[in-house]
Amino acid sequence: MATTATEAAKATEPKAAAQEQQANGNGEQKTRHSEVGHKSLLKSDDLYQYILDTSVYPREPESMKELREVTAKHPWNLMTTSADEGQFLNMLIKLIGAKKTMEIGVYTGYSLLATALALPEDGTILAMDINRENYELGLPCIEKAGVAHKIDFREGPALPVLDDLIADDKNHGSFDFVFVDADKDNYLNYHERLLKLVKLGGLIGYDNTLWNGSVVLPDDAPMRKYIRYYRDFVLVLNKALAADERVEICQLPVGDGVTLCRRVK
């Protein structure tokens, strides 16, 4: 899916991401709340914990809680979708009445489960990830929730799958919603293809578009290696989406930043 340089950077990402963030004056914060995979940009840990304890955890389905706890034991757990973002995605799917969806980048499947639970019984998710092992870690929770039949999981790079879909005209404009949480250097490649596959009025959600807050840091600021590597790709993406007249956009400070794109052309 990526170049050798990209693969090298990815190899360092999980290890770096798994380390607890420390307060060091360069835009990163030490975290001390109970949410594993914490990516909130809120300056107050106490305020974020309040949101989790008051609005998120009391309404979190048992299957999602179990999957969150399973993922917490994984050494790369910071890669997971945060619980508040999962709640947001679940509500969003219901609000737009989505039935046919896609997810690029699955990990253990927390956001995938949030989507599957929100879809109607005959709803579908085309899910893609380069690592089946991580997906299968969360699969028992998905099966226990009774929504595994909604998921068509494909292991491997997403771009060839998207190109195959585009080759068949019947797939054009057929998806209601797509969530992208994968390799940031391919986000614009995904975007061009997804605009052919998402219907007019349909939504594409791009995760990590505020990238640990690094998007506002000076170029010479100290950053972890994987943060610095993908930061430029995120900056280019954000500028491109803002200038793209084919979509309406809304960037939200949920999780690590989520940009919603509504296709209008």
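Residues numbered from 1 in each chain as written. Predicted model: local features only at pLDDT ≥ 70, side-chain atom pairs only at ≥ 80, totals over all residues. Heavy atoms only, no water.

**Thoughts on the side chain of N134**
Point 1. With respect to the helices and strands, the residue N134 is situated in helix α6 (residues 132-144).
Point 2. Polar contacts involving the side chain of N134 include one to the side chain of H74, which spans 3.2 Å.
Point 3. If sequence neighbours within four positions are ignored, N134 has contacts with H74, W76, Y107 and T108. (Helix = DSSP H or I, 4+ residues; strand = E, 2+ residues; numbered from the N terminus. Polar contact = N/O pair within 3.5 Å; in protein donor to acceptor, adjacent residues only side chain to side chain. Contact = heavy atoms within 4.5 Å.)

**Some thoughts on the sheet that holds strand β1 (residues 100-104)**
Point 1. Read from one edge to the other, the open sheet built from seven strands follows the order β3-β2-β1-β4-β5-β7-β6, with strand pairing classed as mixed. Looking at strand neighbours, the two that pair on one side only are β3 (151-155) and β6 (247-252), the edges of this open sheet. Strand-to-strand twist in this sheet, taken as the mean axis angle between neighbours without regard to direction, amounts to 15°.
Point 2. Looking at chain direction, strand β4 (residues 175-180) and strand β5 (residues 198-207) are connected through five bridges and run parallel. The residue of β5 that forms the bridge with F175 is V198. (Pairing = 2+ DSSP bridges. Axes fitted to C-alpha atoms, helices over the stretch in contact; angles between N-to-C directions.)

**Examining the pattern of salt bridges**
Point 1. With the rule as written, the count across this model stands at 16 salt bridges.
Point 2. Of the charged contacts, one joins D176 and K199 as a salt bridge, the two residues approaching to 3.0 Å between their closest N and O atoms. Of the two residues, D176 is situated in strand β4 and K199 in strand β5; the sequence distance between them amounts to 23 residues.
Point 3. Given the relative accessible area of 13%, D176 is considered buried.
Point 4. On the basis of relative accessibility, which here comes to 32%, the residue K199 falls in the partly exposed class.
Point 5. For the salt bridge of K265 with E245, the shortest nitrogen-to-oxygen distance reads 3.7 Å. Of this pair, K265 sits in the segment after β7 (258-263) while E245 sits in the loop between α9 (225-243) and β6; the two residues are 20 residues apart in sequence, bridging distant segments of the chain. E245 matches K265 in its accessibility class, with the two residues each being exposed.
Point 6. Each of R132, E136 and E155 takes part in a single network of salt bridges with overlapping partners. (Salt bridge = Lys/Arg side-chain N within 4 Å of Asp/Glu carboxyl O. Buried < 20%, exposed > 50% of the residue type's maximum accessible area, 1.4 Å probe, protein only.)

**Quick word on the packing of aromatic side chains**
Point 1. All told, the structure shown has seven aromatic pairs when counted by the stated rule.
Point 2. Taking the centre distance of 5.7 Å and the plane angle of 55° together, the rings of Y229 and F233 count as tilted. In this pair, Y229 and F233 are both assigned in helix α9, four residues apart and thus about one turn of the helix distant.
Point 3. Judged by its relative accessible area of 25%, Y229 is partly exposed.
Point 4. Given a relative accessible area of 32%, F233 falls into the partly exposed group.
Point 5. Considering the side-chain rings of Y230 and F233, the 6.5 Å spacing of their centres and the 50° angle between planes classify their relative orientation as tilted. Linking Y230 with F233, this pair stays in helix α9, spanning three residues, or about one helical turn.
Point 6. Overall, Y230 belongs to the buried group, its relative accessible area being 2%.
Point 7. Among the aromatic side chains, those forming a connected cluster through ring pairs are W211, Y226, Y229, Y230 and F233. (Phe/Tyr/Trp six-rings, centres within 6.5 Å; stacked < 30°, edge-to-face > 60°.)

**As for the confidence of the model for the protein chain**
Point 1. Here the protein chain averages 88 in pLDDT, while 85% of its residues score no lower than 70.
Point 2. Overall, residues 1-34 carries pLDDT values under 50, and its contacts beyond four positions in sequence, including any with other chains, amount to 72 contacts. (pLDDT = per-residue confidence, 0-100.)

**Things to note about helix α4 (residues 83-96)**
Point 1. A rise of 1.5 Å per residue sets the reference length of α4, with its 14 residues, at 20 Å; its end C-alpha atoms lie 20 Å apart and thus fit the reference within 8%.
Point 2. Every buried residue of α4 is listed here: A83, D84, E85, G86, L89, N90, L92 and I93.
Point 3. At the exit of α4 stands G97, carrying a positive phi of roughly 65°. (Expected span 1.5 Å × (residues − 1).)

**Things to note about a nonpolar patch on the surface**
Point 1. Together, L47, Y50 and I51 make up an exposed nonpolar region whose accessible area comes to about 290 Å².
Point 2. Relative to the helices and strands, Y50 resides in helix α2 (residues 45-56). (Patch = residues over 30% accessible without salt bridge, like charges linked within 9 Å, V, L, I, M, F, W, Y side chains within 5 Å. Areas by Shrake-Rupley, 256 points an atom, 1.4 Å probe, with all protein chains shown as cover.)

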